[in-house]
Amino acid sequence: MSADLQPEPVDVREDPPAASPDPAPTSPASSAAPPPAPTHHPVRRRLSILVVVSSLVAGGISGGVVAWLVEGDGARSSAQAGGRVSGDAMTGLADVAARIRGSVVALNVSTTVPDGLGGTMTHKVAGTGFAFDHSGDIATNAHVVSGARTVMVTLPNGSRVAATVVGSDPDADLAVVRMEGASLPPLGLATDVNPRVGDFVIAAGNALALEGTPTVTVGIISALGRTVSFSNGTTLSHLLQTDAAISSGDSGGPLLSASGAVIGITTAGASSSGEALAQNIGFGIPIARAAPVLEHLATSTSG
């Protein structure tokens, strides 16, 4: 199984700090490890760190990280971020992982790209999405469905249905996909909570397009307010950083809090390159910023 994943070199930096009650500790600069770049022009050593969009391409093998929450009747709702995990709460993580499966879908996208010889070839990408509104519309990353000629959705029961990209915002890396003749319960979105560094998170998705149920990983929120600039000119800001394992194929779905609230949508992960070492560094779009964009994309094309 081979993957023609093209990693994108990026600059990674922190957003300018907003007014915050937490004082920022200072320490002497160290040359042993590359610190977060203090300016918009990081030193060359930091450019050797790669951040890859976590959809996987080639041979139809790919996926997107997805996390979901179905609360009660499936209505979208706010939920507490809930960051402490101990005792029976660890069992609660298993309960969250078990109940998300009914809202997870795999996206199989075909596009036409130049073959380098003057012709074209079919390019396949797989990603993940999740239902986020009462119409059963699917949220994902824009880079998963970019240039889509066809989109097929694999439902939790294994059946496949055709779908259409009804809206995409590449600058926000968000898109909405609408299925034909199928609908799933929407997930609760925690749009009115503020995640904290150290809060536990759950990421679930179609990592490496492995067959069967989604891959579920657990970690914490490692940092807030990250900015990632890709070589294609796209810059995403105000990102959550997590150490939950993010693999190729993990694009387009949310991160969950320990209590099961959707707090973000995973979009990229860092990879070591050259002298720079990157481990357990992934990025997600905060759901408070993503939800209005998704709603606009869905409603502006509703008929």
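Residues numbered from 1 in each chain as written. Predicted model: local features only at pLDDT ≥ 70, side-chain atom pairs only at ≥ 80, totals over all residues. Heavy atoms only, no water.

Participant: How should I be thinking about the pairing of strand β5 (residues 104-114) in this particular structure?
Facilitator: Within a regular beta strand, the side chains point alternately toward one face of the sheet and then the other, so they alternate between its two faces. Where β5 and strand β6 (residues 120-131) come together, eleven bridges link them in antiparallel fashion. What sits directly across from V113, in β6, is M121. The antiparallel pairing of β5 with β6 creates a hairpin that spans five residues between the two strands, and G116 there sits at a positive phi of about 85 degrees. Where β5 and strand β8 (residues 150-154) come together, five bridges link them in antiparallel fashion. Its bridge partner being in β8, S110 is matched across the sheet by T150. (Pairing = 2+ DSSP bridges. Helix = DSSP H or I, 4+ residues; strand = E, 2+ residues; numbered from the N terminus.)

Participant: So what exactly am I meant to see when it comes to the environment of V125 here?
Facilitator: Of note, V125 is situated in strand β6. The spatial distance from the C-alpha of V125 to the C-alpha of V144 is 6.8 Å, given a sequence separation of 19 residues.

Participant: Can you walk me through the nonpolar core in this structure?
Facilitator: The tendency in soluble globular proteins is for nonpolar side chains to be buried side by side. One finds F130, F132, L174, V176, I265 and L294 to be the most contacted residues of the largest nonpolar core, which totals 31 residues. Among the secondary structure elements, those contributing two or more residues to this core are α1 (88-99), β10 (174-179), β11 (200-205), β13 (235-242), β15 (262-271), β16 (282-286) and α3 (287-299). Counting 18 residues, the second largest nonpolar core, distinct from the first, contains V144, V153, A175 and L184. (Core = buried A, V, L, I, M, F, W, Y, C linked by side-chain atoms within 4.5 Å. Buried < 20%, exposed > 50% of the residue type's maximum accessible area, 1.4 Å probe, protein only.)

Participant: How do you make sense of the environment of S271 when you look at a structure like this?
Facilitator: Tracing the chain through its elements places S271 in strand β15. Sequence separation between S271 and I281 is ten residues, and the spatial gap between their C-alpha atoms is 8.0 Å.

Participant: Help me out: how do you make sense of the environment of L240 in this one?
Facilitator: Tracing the backbone shows L240 in strand β13. Here the alpha-carbon distance between L240 and I287, two residues 47 residues apart in the chain, equals 9.9 Å. Leaving out residues up to four positions away in the same chain, L240 has contacts with P195, A223, L224, L255, I263, G264, G282, F283, G284 and P286. (Contact = heavy atoms within 4.5 Å.)

Participant: Just checking my understanding: could you explain the pattern of salt bridges for this structure?
Facilitator: Side chains bearing opposite charge may pair, as long as their charged atoms lie close to each other. A full pass over the atoms with the stated rule returns two salt bridges. The residue R178 makes a salt bridge to D137 at a minimum N-O spacing of 2.8 Å. Here R178 is found in strand β10, whereas its partner D137 is found in the loop between β6 and β7 (138-140), with 41 residues between them in sequence. On the basis of relative accessible area, R178 is assigned to the partly exposed category, the value being 23%. A salt bridge links R196 to D199, with the nearest nitrogen and oxygen atoms 3.0 Å apart. Classification of R196 by relative accessible area gives partly exposed; the value is 41%. Its relative accessible area of 5% is what places D199 among the buried residues. (Salt bridge = Lys/Arg side-chain N within 4 Å of Asp/Glu carboxyl O.)

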